[in-house]
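Structural overview for review
Listed here are the chains, written in short residue letters.
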Amino acid sequence: MANWQEIEKDAPDFAARVRARFAMGMNKTIATLRKDGSPRISASELQFDDGEVTLGMMGGSMKLLDVRRDPRIAVHSPTVEPPGDDADGWPGDAKLAGTAAQVDPPADNPHQGAGFFKLNITEVVLTYVGTPADHLVIGSWHPGRGHQRRTRT
């Protein structure tokens, strides 16, 4: 597993593009695992802070209960549609996967019972339309393998 700083150091251009996708909107989609193992998706916010990906969850929320029981999560960037029929205008999407490790709440935390986490990253994926717009580009980063790029037509 890795923190965000390791990815930025190993693949800075890739990391910047992923981070830009996550900055395209406030609400990201997080996938957690329910008690029976089935997936649950919820809205979430996350931050890139001091070389870490961090997120918080409201006290008593189902996603908080899920993560405390099983810390494996995936997070998808905000979805942005391409402008009109212009596939070249689609900025793509990004995904992070890993395990949520609980951290101490901020000193000024007003949210009783909330959970605060950093993401120990096992996978980062960035997908976008290539140039010319006749193929997809899939960039990924994994611990031990680093950054890889492939295309799909």
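Right above here is the structure, for reference.
Every value quoted in this text rests on a predicted model; they were computed, and no experiment measured them.

What follows is about unusual backbone geometry. Going from threonine 131 to proline 132, the amide bond is cis rather than trans, its omega being 0°. Topologically, proline 132 is positioned in the loop between β7 (115-129) and β8 (136-142). Even without glycine at this site, aspartate 50 takes up a positive phi of about 45°. Within the secondary structure, aspartate 50 is located in the loop between β3 (46-49) and β4 (52-57).

The next point concerns the pairing of strand β6 (residues 93-103). Relative to β6, strand β5 (residues 72-76) runs antiparallel, the two being bridged by 5 bridges. Pairing of isoleucine 73 across the sheet is with glycine 98, part of β6. When β6 meets β7, the two strands line up antiparallel, connected through 11 bridges. Among the inter-strand pairings, lysine 95 is bridged to a residue of β7, identified as valine 125.

Moving on, we come to the packing of aromatic side chains. On inspection of all chains with the given rule, the structure shows 2 aromatic pairs. An angle of 65° between the planes, with centres 4.9 Å apart, marks the rings of tryptophan 4 and phenylalanine 48 as edge-to-face. With a gap of 44 residues between them, tryptophan 4 in helix α1 (residues 4-10) and phenylalanine 48 in strand β3 connect regions that are remote in the sequence. Taken as a pair, tryptophan 4 and phenylalanine 48 share a single burial class, namely buried. Their ring planes at 65° and their centres at 6.0 Å tell us that phenylalanine 22 and phenylalanine 48 sit as a pair that is edge-to-face.

So, about the nonpolar core. Counting residues in each nonpolar core, the largest one holds 29 residues, and the members touching the most others are Trp4, Leu96 and Val124. The element that contributes the greatest number of residues to this core is β7, accounting for 6 residues. Look past the residues within four positions of leucine 96 in its chain and what remains in contact with it is Trp4, Phe22, Leu46, Phe48, Val53, Ile73, Ala74, Val75, Leu119, Glu123 and Val124.

The rules behind each value
- Residues numbered from 1 in each chain as written.
- Predicted model: local features only at pLDDT ≥ 70, side-chain atom pairs only at ≥ 80, totals over all residues.
- Heavy atoms only, no water.
- Helix = DSSP H or I, 4+ residues; strand = E, 2+ residues; numbered from the N terminus.
- Pairing = 2+ DSSP bridges.
- Phe/Tyr/Trp six-rings, centres within 6.5 Å; stacked < 30°, edge-to-face > 60°.
- Buried < 20%, exposed > 50% of the residue type's maximum accessible area, 1.4 Å probe, protein only.
- Core = buried A, V, L, I, M, F, W, Y, C linked by side-chain atoms within 4.5 Å.
- Contact = heavy atoms within 4.5 Å.

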